[in-house]
Amino acid sequence: MKKKQLPLRISPELYDKLAAWAESDFRSINGQVEYLLTLCVRQYEKTGRPIPRTFRSTGDEGEAGKEKADENR
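My aim in this report is to walk through the structure given alongside it, one point at a time.

How each quantity is defined
- Throughout, a residue's number is its position along its own chain's written sequence, starting from 1.
- Local features in this predicted model are restricted to residues whose pLDDT is 70 or higher, and side-chain atom pairs enter the listing and the counts only when it is 80 or higher, whereas totals over whole chains, interfaces and linings include all residues.
- Side-chain metrics rest on all non-hydrogen atoms present in the structure, leaving aside hydrogens and water.
- Each axis is a line fitted through C-alpha atoms, taken for helices only over the stretch in contact, and angles between the N-to-C directions span 0 to 180 degrees.
- Put simply, DSSP marks the helices as runs of H or I at least four residues long and the strands as runs of E at least two long, and each gets a number from the N terminus on.
- By definition in this entry, angles of less than 35 degrees are roughly parallel, angles greater than 145 are roughly antiparallel, angles of 65 to 115 are roughly perpendicular, and the rest are oblique.
- Contacts: residue pairs with any heavy atoms within 4.5 Å of one another.
- Each residue receives one of three labels: charged for Asp, Glu, Lys and Arg, nonpolar for Ala, Val, Leu, Ile, Met, Phe, Trp, Tyr, Cys and Pro, and polar for the others, Gly being one of them.
- Each helix should span, by expectation, one fewer than its residue count multiplied by 1.5 Å.
- Every case where a carboxyl oxygen of Asp or Glu lies within 4 Å of a side-chain nitrogen of Lys or Arg is listed as a salt bridge.
- In this scheme, a residue with accessible area under 20% of its type's maximum is buried, one over 50% is exposed, and one in between is partly exposed, where area comes from a 1.4 Å probe on protein chains only.

**So, the packing of helix α1 (residues 12-24) against helix α2 (residues 29-47)**
α2 packs onto α1 with a crossing angle of 90 degrees between their chain directions and a minimal axis gap of 9 Å. In terms of orientation, α1 lies roughly perpendicular with respect to α2. Residues Tyr-15, Leu-18, Ala-19, Trp-21 and Ala-22 of α1 form the contact with α2, whose own contacting residues are Ile-29, Gln-32, Val-33 and Leu-36. Residue composition of the contact of α1 with α2, grouped by class: 8 nonpolar, 1 polar and no charged.

This is the structure in C-alpha cells:
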C-alpha cells in the first residue's frame, strides 16, 4: 500500500518535543506523528467523540497557548 503524503507545518518547539518523544519510542518523527494520529482516530471511531477538549490545541503553540486555553474554560 502506498502511503499518502501530508505536508505539515509545526513550530520548532513542537518539532523538538516530537523528535525527543519519537526517539524515546524508537520511531522516526514521521512514524511518531502517524502513530499519534492513529490513536486519535481509533479513539474517535470507538467513542464517536474526538479527543477531550483539554488535549486539543487552541491554535497557539507553547505555554501561551496553554494559558489561553485555561482562560477559555
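**As for α2**
Spanning 19 residues, α2 covers 27 Å between terminal C-alpha atoms, matching the ideal 27 Å at 1.5 Å per step. Among the residues trailing α2, Gly-48 stands out with phi positive, at a value near 75 degrees.

**Overview of the pattern of salt bridges**
Applying the stated criterion across every chain, the model contains 2 salt bridges. Among the salt bridges present, the one from Glu-34 reaches Lys-3, with a minimum N-O distance of 3.0 Å. Here Lys-3 lies in the segment before α1 and Glu-34 lies in helix α2, a separation of 31 residues in the sequence. When its relative accessible area of 34% is taken as the criterion, Glu-34 is described as partly exposed. You can call Lys-3 exposed: its relative accessible area is 54%. Measuring nitrogen to oxygen at the nearest pair gives 3.1 Å for the salt bridge that ties Arg-27 to Asp-25.

**Some points on the side chain of Gln-32**
For Gln-32, the position within the fold is in helix α2. We classify Gln-32 as buried; its relative accessible area is 0%. When near neighbours in sequence (up to four residues on either side) are disregarded, Gln-32 contacts Leu-18, Trp-21, Ala-22, Asp-25 and Arg-27.

Nothing here speaks to function; it is all geometry.
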